[in-house]
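Fold and contact review
Residue strings, one per chain:
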Amino acid sequence: MKTILITGGAGFIGSHVVRLFVSKYPDYKIVNLDKLTYAGNLANLKDIEKAKNYEFVKGDIVDADFIQKLFVEKQFDGVIHLAAESHVDRSISNPMEFIFTNIVGTVNLLNAARHIWSDNFEDKRFYHISTDEVYGSLGETGLFTETTAYDPHSPYSASKASSDHLVRAYLDTFKLPTIISNCSNNYGGFQFPEKLVPLFIHNIQNNKPLPVYGKGENIRDWLYVEDHANAIDLIFHKGVIGETYNIGGNNEWTNIDLIKVLCKKMDKKLGRETGTSEKLITYVKDRAGHDLRYAIDSSKLQKELGWEPSLQFEEGIEKTIDWYVANQDWLDNVASGDYLKYYDNQYSEDRF
Ligand code: NAD
Ligand code: DAU
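Residues numbered from 1 in each chain as written. Chains lettered and ligands numbered in written order. Predicted model: local features only at pLDDT ≥ 70, side-chain atom pairs only at ≥ 80, totals over all residues. Heavy atoms only, no water.

Looking now at helix α1 (residues 12-24). Compared with an ideal rise of 1.5 Å per residue, which puts 13 residues at 18 Å, α1 spans 19 Å between its outermost C-alpha atoms and is within 8% of the ideal. Burial analysis of α1 places ten of its 13 residues in the buried class, the great majority of the element. Residues of α1 that are buried include every one of Phe12, Gly14, Ser15, His16, Val17, Val18, Arg19, Leu20, Phe21 and Val22, and no others. Buried positions along α1 lie against β1 (2-7), β2 (28-34), β3 (54-58), β4 (78-81), β7 (185-187) and α7 (225-238). (Helix = DSSP H or I, 4+ residues; strand = E, 2+ residues; numbered from the N terminus. Expected span 1.5 Å × (residues − 1). Buried < 20%, exposed > 50% of the residue type's maximum accessible area, 1.4 Å probe, protein only. Contact = heavy atoms within 4.5 Å.)

Here three strands make up an open sheet; going across it, the order is β7-β9-β11 and the pairing mixed. Both outer strands of the open sheet, β7 and β11 (252-254), are each paired with one neighbouring strand and no more. Within this sheet the neighbouring strands show an average axis-to-axis angle of 50°, counted without direction. Examined bridge by bridge, β7 and strand β9 (residues 219-224) share three bridges and lie parallel to one another. Note that in β9 the partner of Tyr187 across the bridge is Tyr224. α7 rests against β7 and β9 of the sheet, and its axis sits at about 70° to β9. (Pairing = 2+ DSSP bridges. Axes fitted to C-alpha atoms, helices over the stretch in contact; angles between N-to-C directions.)

On to the site of ligand 2, then. Inspection of the region around ligand 2 gives 26 residues, with Thr131, Asp132, Tyr156, Arg287 and Tyr347 positioned closest. Within the side chain of Asn185, a nitrogen or oxygen atom sits 2.8 Å from an oxygen atom of ligand 2. Within the contact set of ligand 2, an oxygen atom lies 2.7 Å away from a side-chain nitrogen or oxygen of His290. Here ligand 2 has 680 Å² of accessible area as a free molecule, and 95% of this is covered by the chains. Listing elements by their share of the shell around ligand 2, those giving two or more residues are α3 (88-93), α6 (196-205) and β8 (210-213). Looking at side-chain class alone, the shell around ligand 2 contains eleven nonpolar, eight polar and seven charged residues. (Near = heavy atom within 4 Å. Polar contact = N/O pair within 3.5 Å; in protein donor to acceptor, adjacent residues only side chain to side chain. Areas by Shrake-Rupley, 256 points an atom, 1.4 Å probe, with all protein chains shown as cover. Nonpolar A, V, L, I, M, F, W, Y, C, P; charged D, E, K, R; others polar.)

With that out of the way, let us pick up the pairing of strand β10 (residues 244-247). Residues Thr244 and Asn246 line one face of β10 and the alternating positions Tyr245 and Ile247 line the opposite face, and both faces are buried. Pairing of strand β6 (residues 178-183) with β10 involves four bridges; the strand directions are parallel. Bridge assignment links Cys183 to a residue of β10, and that residue is Ile247.

A separate point is the packing of aromatic side chains. Tallied over the full model, the rule gives 23 aromatic pairs. Relative to Tyr339, the ring of Phe192 has its centre 5.6 Å away and its plane inclined at 75°; by these criteria the two rings are edge-to-face. Taken together, the positions of Phe192 in the loop between β7 and α6 and Tyr339 in helix α12 (residues 338-346) put the pair 147 residues apart, joining distant regions of the chain. Both residues of the pair, Phe192 and Tyr339, count as buried. A network of ring pairs unites the aromatic residues Tyr38, Phe192, Tyr213, Tyr339, Tyr342, Tyr343 and Tyr347 as a single cluster. One residue, Arg90, lies across the ring of Tyr38, its end atom 3.5 Å from the ring centre. It is Arg351 that lies over the ring of Tyr213; its NZ or CZ is 4.0 Å from the centre. (Phe/Tyr/Trp six-rings, centres within 6.5 Å; stacked < 30°, edge-to-face > 60°. Lys NZ or Arg CZ within 6 Å of the ring centre and 35° of its normal.)

The following block contains the structure:
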């Protein structure tokens, strides 16, 4: 039986990856290590929490001693590293958490893997999950490929770029068997409502303003989260050590067009007159350093490993809206407590 460590498994993408691995691979013992920050929520994993091949460990990847001991105790065969501070706006208001978790935390995991595998790397792999934001911003044309030069602009993307460089440095220097993937914007169930899609669904439900940064002309490439989890499964098992794989939805939307789709679909879902939710759209002060456009060329992953997204956007966004409407309690629960303080700070008077 192989023991696989998944970090950040109580977060949005991590919970989908943990669920997939626990149910698809009964022969693997899946250890989910998560600090349970504001973004980590064990309710995301209720359906599998009692599975025999699953264990949750609460802990902080920034704590080097704890990480070393955990690796020695569990003797992991593989690592899928998703734990991170992941929200760009929070990285603007509080960059240091991003430096600690995304950079120091990643190095602690690399050191611990190196230590327990002590240069015997056969059948071992350290898979680092990264983002397309490391590549910076595109103009109106072009796509990010695996060889696009790094050009991060936010503390979040700079911290992820830094962790990617360190992962590659451990590959080159110590021959640690690493793989990296860089993915575009994910959407789907269990996403914390600080990110565009769940935030706007939640605000529409509650008749609150929809704060569009700048003119809403920024472009993102949206991928359904389960398609990302499937790509992670494929890359973990079939990806070539030392390689990087870009993952994207080939599905570009300007923010304002995506928001209008959400408004129309939510009006229908909530039985409101068409146009009701669009009236909530409010243009607010732009995000500092706001990247104009992200778009991914995922042809390497498609050609070499045979991956392709399973859902068209129309179906994915319907499923996502249905999920949030059906799981109103989940949404209301995470959007209380500290979230309200965050919301008031982030969207204070001077933004409107
Ligand atoms: P998320 O914020 O929803 O979840 C992050 C998880 O990491 C949480 O469960 C949190 O508790 C945990 N965590 C944070 N700091 C920790 C620490 N110090 N020690 C242990 N656990 C800690 O993030 P997400 O959106 O699911 O993103 C997961 C990964 O995928 C990140 O590495 C992110 O950079 C990357 N990514 C995200 C997207 C996206 O669209 N969301 C796209 C591409 C790549
Ligand atoms: O591209 C991958 C990245 O996608 C991941 O690495 C990040 O972890 C993830 O958070 C996401 O980053 P973005 O900054 O693109 O996602 P966010 O949902 O915060 O914003 C999407 C777009 O919507 C962006 O152009 C900013 C805009 N926006 C966002 C919020 C929260 C608004 O206009 N208003 C808002 O209130």
